[in-house]
Amino acid sequence: MSEAAKPNRPQFRNIHITQLGSYRLPLAGLVSFLHRVSGLLMFLLLPFILFLLDKSLVSETSFDYFKGFTSNWFVKLVILALSWAYLHHFCAGIRHLIMDNHIGLDKVSARKSAVGVLVISVPLALIVALKLFGAF
């Protein structure tokens, strides 16, 4: 077939970092991306959390100090981010384990399971936020 007779087919290339803002990711892809982000967040903050736990268990005075430290609104936001990361990572991990068993791999099922992860993890994170900021 000659060059002129070949049909124009779309070319799919890797996106550049400058194109990330305009790239439309499917919901299953967004949940997968958030699964990675939440895992990274938990991994990076784990030494900090273990340090705080270790120092808070030294004495009653240190426990009272860290109890006051965690009453700061910014620290509560960090705790909320970690709580969301754990909840989302847990729910998305269960989704990935199910998909590893070749269940729900088609497009419709993948979208439904992605919605399920968000429907479960976001309200749980909201409940944690309400508890952290003193709603109950």
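Nothing here was measured: the structure is a model prediction, and the numbers come from that model.

With that settled, consider the overall build of the chain. Scanning the chain from N- to C-terminus turns up four helices and zero strands. Mapped in sequence order, the helices and strands of the chain form the string α-α-α-α. A globule of 136 residues ought to have a C-alpha radius of gyration of about 14 Å, yet the chain, at 22 Å, is considerably larger. Expressed along its principal axes, the backbone C-alpha trace of the chain runs to roughly 80 × 30 × 30 Å. Evaluated residue by residue, the chain yields a buried proportion of 22% over its 136 residues.

Once that is clear, we can look at the side chain of Ser121. With respect to the helices, strands and loops of the structure, Ser121 is situated in helix H4 (residues 107-132). Judged by relative accessible area, which is 0%, Ser121 ranks as buried. Beyond its immediate stretch of four places on either side in the chain, Ser121 contacts Leu87, His88 and Cys91.

Moving on, we come to the environment of Lys76. In this structure, Lys76 sits in helix H3 (residues 73-100). Its relative accessible area of 18% is what places Lys76 among the buried residues. Along the backbone, Lys76 and Pro47 are 29 residues apart, and their C-alpha atoms lie at a distance of 18 Å. In this structure the side chain of Lys76 is engaged in a polar contact, spanning 3.1 Å, whose partner is the backbone oxygen of Leu132.

Counted as a void, the largest pocket has a volume near 430 Å³. Ile49, Leu52, Leu53, Thr70 and Ile79 are the residues nearest the centre of the largest pocket, which is lined by 18 residues in total. If you list the elements that add at least two residues to the lining of the largest pocket, you get helix H1 (27-56), helix H2 (60-69) and H3. In terms of residue count, the dominant contributor to the lining of the largest pocket is H1 (eight residues). Partitioned by chemical class, the residues of the lining of the largest pocket number 14 nonpolar, three polar and one charged.

Quick look at the nonpolar core now. Counting eight residues, the largest nonpolar core consists of Leu27, Ala28, Val31, Cys91, Ala92, Ala110, Ala114 and Val117. Looking at this core, the elements that each hand over two or more residues are H1, H3 and H4. Residues in contact with Ala92, not counting those within four places in the same chain, are Val31, His35 and Val117.

Rules behind the numbers
- Residues numbered from 1 in each chain as written.
- Predicted model: local features only at pLDDT ≥ 70, side-chain atom pairs only at ≥ 80, totals over all residues.
- Heavy atoms only, no water.
- Helix = DSSP H or I, 4+ residues; strand = E, 2+ residues; numbered from the N terminus.
- Rg over C-alpha atoms; globule rule 2.2 N^0.38 Å.
- Buried < 20%, exposed > 50% of the residue type's maximum accessible area, 1.4 Å probe, protein only.
- Contact = heavy atoms within 4.5 Å.
- Polar contact = N/O pair within 3.5 Å; in protein donor to acceptor, adjacent residues only side chain to side chain.
- 1 Å grid on protein atoms, 1.4 Å probe; cavity = no way out; pocket = protein on both sides within 12 Å on 5 of 7 lines; lining within 4 Å.
- Points joined across faces, edges and corners; volume = space filled by probe spheres on them.
- Nonpolar A, V, L, I, M, F, W, Y, C, P; charged D, E, K, R; others polar.
- Core = buried A, V, L, I, M, F, W, Y, C linked by side-chain atoms within 4.5 Å.

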